[in-house]
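Structure assessment
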Amino acid sequence: MEPGGRLAWVCRRAQALLLRRWPEGGVVYDAADGSLSAVSPVAAELIERLLDGQPADAEALAQHLLQAAPEPEDIDGVNQHLAQFEHMGFIERIPS
């Protein structure tokens, strides 16, 4: 990937992950290791969007959340959630 290139994120493990959502957040169950992870309402919406297996970049995900053009700080916030999801093993980065 070229320096400064955009990244997309994809969930290749959608069959192993189960999301349950409530107004105050949600829980992701990972069938691979039996773990449960509590997530915020925003994180639950992001992970739900990624569970379709389609790659998405942070800007597109922020646009989906806001239903409007995102500001740079909105995209930064989404990137923080995505980094956490990657650390948890839910998603991976791919060049877009």
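The text that follows walks through the structure, step by step, so that each part is easy to find. (Residues numbered from 1 in each chain as written. Predicted model: local features only at pLDDT ≥ 70, side-chain atom pairs only at ≥ 80, totals over all residues. Heavy atoms only, no water.)

1. A few points about the sheet that holds strand S4 (residues 35-39)
Backbone-to-backbone hydrogen bonds join strands into a sheet, with any given pair of strands oriented parallel or antiparallel. Note the cut-off: A pair of strands counts as paired when DSSP detects no fewer than two bridges linking them. For the purposes of this entry, the term helix denotes a DSSP run of H or I that reaches at least four residues, the term strand denotes a run of E that reaches at least two, and both are numbered from the N terminus. Axis definition: a line fitted to C-alpha atoms, over the contacting stretch in the case of helices. Angles run 0 to 180 degrees between N-to-C directions. Residue contacts are counted whenever heavy atoms from the two residues lie within 4.5 Å of one another.
Strand order in the open sheet made by the 3 strands is S2-S3-S4, with antiparallel pairing throughout. Edge positions in the open sheet fall to strand S2 (17-22) and S4, since each of these has one partner strand only. The mean inter-strand angle of the sheet, taken between neighbouring strand axes irrespective of direction, is 20 degrees. Direction of pairing for S2 relative to strand S3 (residues 25-30): antiparallel, over a ladder of 6 bridges. Looking across to S3, one finds that Leu 18 is bridged to Tyr 29. Taken strand by strand, helix H1 (residues 41-50) contacts S2, S3 and S4, and its axis lies near 140 degrees from that of S2.

2. As for the pairing of S3
In this structure, the hairpin formed by S2 and S3 is closed by a connection of 2 residues. Linking S3 back to S4 in an antiparallel pair, the connection comprises 4 residues, with Gly 34 at a positive phi of about 75 degrees.

3. Brief notes about unusual backbone geometry
Note the following rule: Burial classes: relative accessible area under 20% of the type maximum marks a residue as buried, over 50% as exposed, and values in between as partly exposed (1.4 Å probe, protein chains only).
Positive phi is not limited to glycine here, since Gln 67 has a value of about 55 degrees. Residue Gln 67 is classed as exposed on the basis of its relative accessible area, which comes to 62%.

4. Observations regarding a nonpolar patch on the surface
Using the following cut-off: Two joining distances apply to patches: 9 Å for like charges and 5 Å for nonpolar side chains (Val, Leu, Ile, Met, Phe, Trp, Tyr), and every residue must have over 30% relative accessible area and no salt bridge. Note that accessible areas follow from Shrake-Rupley with a 1.4 Å probe, and for residues the cover is restricted to the protein chains shown. A pair is scored as a salt bridge if a Lys or Arg side-chain nitrogen falls within 4 Å of a carboxyl oxygen belonging to Asp or Glu.
Taken together, the side chains of Leu 18, Tyr 29 and Leu 36 define a hydrophobic patch exposed on the protein surface, amounting to about 290 Å² of accessible area. Residue classification places Tyr 29 among the partly exposed residues on the basis of a relative accessible area of 34%.

5. Quick notes on the packing of H1 against helix H3 (residues 72-88)
Note the cut-off: Should an angle lie under 35 degrees it is considered roughly parallel, over 145 roughly antiparallel, and from 65 to 115 roughly perpendicular; all remaining angles are considered oblique. Crossings are assigned a handedness: left-handed for a near helix turned anticlockwise from the far helix by less than a right angle, right-handed for a clockwise turn. Here the nonpolar group is Ala, Val, Leu, Ile, Met, Phe, Trp, Tyr, Cys and Pro; Asp, Glu, Lys and Arg are the charged ones; every other residue, Gly included, is treated as polar.
In the contact formed by H1 and H3, the axes pass within 11 Å of each other and the chain directions differ by 70 degrees. Overall, the two elements H1 and H3 adopt an arrangement that is roughly perpendicular. The way H1 lies across H3 gives a crossing that is right-handed. Judged by residue contacts, Val 42, Ala 43, Leu 46, Ile 47 and Leu 50 of H1 engage Val 78, His 81, Leu 82 and Phe 85 from H3. The class makeup of the residues in the contact of H1 with H3 is 8 nonpolar, 1 polar and no charged.

6. Examining H1
Keep this limit in mind: Along the arc lie the directions from the helix axis toward the C-beta atoms.
Those residues of H1 not exposed but buried are Ala 43, Ala 44, Leu 46, Ile 47 and Leu 50. With its buried residues spanning 165 degrees around the axis, H1 presents them on a single face. Tucked into the core, H1 has its buried residues touching strand S1 (7-10), S2, S3, S4, helix H2 (58-66) and H3.

7. Quick notes on the pattern of salt bridges
Enumeration according to the criterion identifies 5 salt bridges in this entry. A salt bridge links Glu 45 to Arg 21; the shortest N-O distance between them is 3.9 Å. Highlighted residues: Glu 45 in helix H1 and Arg 21 in strand S2, separated in sequence by 24 residues. In this structure Arg 21 comes out as partly exposed when scored by relative accessible area, which is 37%. A salt bridge links Arg 93 to Glu 86; its shortest N-O distance comes to 3.0 Å. A relative accessible area of 28% means that Glu 86 is categorised as partly exposed. What you see here is one network of salt bridges that share partners, running through Arg 21, Glu 45 and Glu 48.

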